[in-house]
Amino acid sequence: MREGDLPTVMAIEQASFLTPWPRGAFLEEIRSNPYARCVVVRETAAQVEAPLTAYICYWVLGEELLINNLAVDPARRRRGCARALMDHAFEEARASGCRVAYLEVRPSNAAAISLYTGYGFVVMGRRRRYYPDTNEDALVMRATLQGLETA
């Protein structure tokens, strides 16, 4: 992800989440967070200026992978972009020596939960009223990287 991608990233973010990340959060991740990785998928991977269709932001922290944000343009969902991004994150995490992965997800986000459980994630806890826009809980999910096989 580059700063020039942020207008499209923000459009996808706003279309995907009730409480989207602010632009400044993405800037912090790509400019100065040494643990952060932000990766995009484009319509035609060979073209740097091709339309951006999806992105993932994650941290590689020692032996842990923390998936912070994953979104796909609503008009381009169900084409494997989220899986490709998850596969990329897992590959890098394994290469970096990570042993476990974590993420948080709304219980109402059935599509995301289905994707994550397909990769071996299981619910290990709940953060009560985590999302301030609806007071919805967050499910905390965990998977061992040995169990994270390409779905």
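One structure accompanies this document, and this report is about it. The shown structure was predicted, so the numbers you read here are calculated from the model rather than taken from an experiment. (Residues numbered from 1 in each chain as written. Predicted model: local features only at pLDDT ≥ 70, side-chain atom pairs only at ≥ 80, totals over all residues. Heavy atoms only, no water.)

1. Details of the pattern of salt bridges
Next up, step 1: Evaluated as defined, the whole model comprises 11 salt bridges.
Next up, step 2: Residue R127 is joined to E104 by a salt bridge in which the shortest nitrogen-to-oxygen separation is 2.5 Å. Highlighted residues: R127 in strand β5 (residues 122–131) and E104 in strand β4 (residues 100–105), separated in sequence by 23 residues.
Next up, step 3: For R127, a relative accessible area of 39% corresponds to the partly exposed category.
Next up, step 4: With a relative accessible area of 29%, E104 lands in the partly exposed category.
Next up, step 5: Between D137 and R126 there is a salt bridge, and its shortest N-O distance comes to 3.0 Å. (Salt bridge = Lys/Arg side-chain N within 4 Å of Asp/Glu carboxyl O. Helix = DSSP H or I, 4+ residues; strand = E, 2+ residues; numbered from the N terminus. Buried < 20%, exposed > 50% of the residue type's maximum accessible area, 1.4 Å probe, protein only.)

2. Some words on the packing of aromatic side chains
Next up, step 1: Using the criterion set out here, one finds 6 aromatic pairs in the structure.
Next up, step 2: Plain terms: the ring middles of F90 and Y119 are 5.1 Å apart, the flat faces sit at 65 degrees to each other, and that makes the pair edge-to-face. Here the residue F90 occupies a position in helix α3 (residues 81–95), and Y119 occupies one in the loop between α4 (110–118) and β5, the gap between them amounting to 29 residues. Like F90, the residue Y119 is buried in the burial classification. (Phe/Tyr/Trp six-rings, centres within 6.5 Å; stacked < 30°, edge-to-face > 60°.)

3. Notes on the environment of Y55
Next up, step 1: Among the secondary structure elements, Y55 is positioned in strand β2 (residues 52–61).
Next up, step 2: The sequence separation of Y55 and V41 amounts to 14 residues, and the corresponding C-alpha distance is 6.1 Å.
Next up, step 3: Setting aside residues up to four positions removed in sequence, Y55 forms contacts with M1, V9, I12, E13, F17, F26, V39, V40, N69, L70, A71 and L85.
Next up, step 4: Side-chain polar atoms of Y55 contact the side chain of E13, separated by 2.3 Å. (Contact = heavy atoms within 4.5 Å. Polar contact = N/O pair within 3.5 Å; in protein donor to acceptor, adjacent residues only side chain to side chain.)

4. Comments concerning the sheet that holds β5
Next up, step 1: If you trace the 6 strands from one edge of the open sheet to the other, you get β1-β2-β3-β4-β6-β5, paired in mixed fashion. Single-partner strands in this sheet number two, and they are β1 (36–42) and β5. Strand-to-strand twist in this sheet, taken as the mean axis angle between neighbours without regard to direction, amounts to 25 degrees.
Next up, step 2: In this structure, β4 lies alongside strand β6 (residues 136–144), joined through 6 bridges in antiparallel fashion. Among the inter-strand pairings, V105 is bridged to a residue of β6, identified as L139.
Next up, step 3: Each of β2 and β3 (64–72) is contacted by helix α1 (residues 6–16), which is oriented at about 85 degrees to β2, the strand it contacts most. (Pairing = 2+ DSSP bridges. Axes fitted to C-alpha atoms, helices over the stretch in contact; angles between N-to-C directions.)

5. What about unusual backbone geometry?
Most peptide bonds take the trans configuration, and most residues that are not glycine carry a negative phi.
Next up, step 1: We note that R129 has phi near 45 degrees; this positive angle belongs to a residue other than glycine.
Next up, step 2: Along the chain, R129 falls in strand β5.
Next up, step 3: Its relative accessible area of 62% is what places R129 among the exposed residues.
Next up, step 4: Phi is positive for N135, which is not a glycine, with a value near 60 degrees.

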